[in-house]
Amino acid sequence: MHVPTVSIALTVTSGGSNTGARARTRRAIIESATAVLSRTPDASLGTIARAAGVGRTTVHRHFPDRDALVRAIADAAMDATRDAYAAAHLDDGPPIDALARLVHELVALGDRFAFLLREPALVGDPAVDATEREMAAPIVVLIERGRASGALRDDLPATWVLEVLMAAVYAAWGAIARGVLARADAPAAVTRLSLIHI
């Protein structure tokens, strides 16, 4: 499993107030598409356009096809993940506490971005793979810090430990969506489960 993210340039080339309006429209489409696709992953661009309060032609003006829109959402997911890392203060305090903070922040992203895990447009994309490596690095550093302090076991590869942790996060996203796990209980459950194995 992986968190599919990819960096998409969001620059606007025209100037003046038009630029601000165009950027706002683009953001509104991305936000509406995220909300719609998180509930209905196979929703059409027409449905997304209606949710954004724009015409389908406006959506196509910003995103020529569904794959381009999904990639822009993935870019937003990458930004949100960076924000989650910052909020978790990965370098502060005992590694286990930092890990618990990170899990809390990542579990909260599931409502918005879990559907990206099943998006064919993101599977096998070299840019996605590169972004995954970039996003994995700070967590691997945290895991290594935990191993050095004796808080985490050191007989398993750090990258595999990361995979176990993220698999538990993804499982929590699904459990919350199905009503199996209460949202408030999910971070602690993921942390406890992960620590049994790592």
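Notes on the structure in this doc start here. Keep in mind it's a predicted model, so treat the numbers as computed, not measured.

So, unusual backbone geometry
With the exception of glycine, the majority of residues adopt a negative phi angle, and the majority of peptide bonds are in the trans configuration.
Then comes step 1: Positioned with a positive phi, His89 is a non-glycine residue whose angle comes to about 50°.
Then comes step 2: In this structure, His89 sits in the loop between α4 (66-88) and α5 (95-107).
Then comes step 3: Given the relative accessible area of 44%, His89 is considered partly exposed.

Quick look at the packing of α5 against helix α7 (residues 126-149)
Then comes step 1: Running from N to C, α5 and α7 point in directions that differ by 150°, and their axes come no closer than 9 Å. Comparing the axis directions of α5 and α7 gives the class roughly antiparallel. Handedness of the crossing formed by α5 with α7: left-handed. The residues of α7 that touch α5, namely those facing Pro95, Ala98, Leu99 and Leu102, are Ile139, Leu142, Arg145, Gly146 and Ser149.

Comments concerning α5
Then comes step 1: Between its first and last C-alpha atoms α5 spans 18 Å; for 13 residues at 1.5 Å apiece the expected length is 18 Å, and the two agree.
Then comes step 2: Taken together, the buried positions of α5 are occupied by Pro95, Ala98, Leu99, Leu102, Val103, Leu106 and Val107. Taken around the axis of α5, the buried residues stretch over an arc of 160°, which confines them to a single face.

Observations concerning the environment of Arg61
Then comes step 1: Secondary-structure assignment places Arg61 in helix α3 (residues 56-62).
Then comes step 2: Of the residues examined, Arg61 reaches a relative accessible area of 52% and is grouped as exposed.

Some words on the packing of aromatic side chains
Then comes step 1: Here the structure, examined in full by the defined rule, presents one aromatic pair.
Then comes step 2: Between the aromatic rings of Tyr170 and Trp173, the centroid separation amounts to 5.5 Å while the plane-to-plane angle is 50°, which identifies the pairing as tilted. Linking Tyr170 with Trp173, this pair stays in helix α8 (residues 158-178), spanning three residues, or about one helical turn. The same class applies to Tyr170 as to Trp173, namely buried.

Rules and cut-offs
- Residues numbered from 1 in each chain as written.
- Predicted model: local features only at pLDDT ≥ 70, side-chain atom pairs only at ≥ 80, totals over all residues.
- Heavy atoms only, no water.
- Helix = DSSP H or I, 4+ residues; strand = E, 2+ residues; numbered from the N terminus.
- Buried < 20%, exposed > 50% of the residue type's maximum accessible area, 1.4 Å probe, protein only.
- Axes fitted to C-alpha atoms, helices over the stretch in contact; angles between N-to-C directions.
- Parallel < 35°, antiparallel > 145°, perpendicular 65-115°, else oblique.
- Left-handed = near helix turned anticlockwise from the far one by under 90°.
- Contact = heavy atoms within 4.5 Å.
- Expected span 1.5 Å × (residues − 1).
- Arc of directions from axis to C-beta.
- Phe/Tyr/Trp six-rings, centres within 6.5 Å; stacked < 30°, edge-to-face > 60°.

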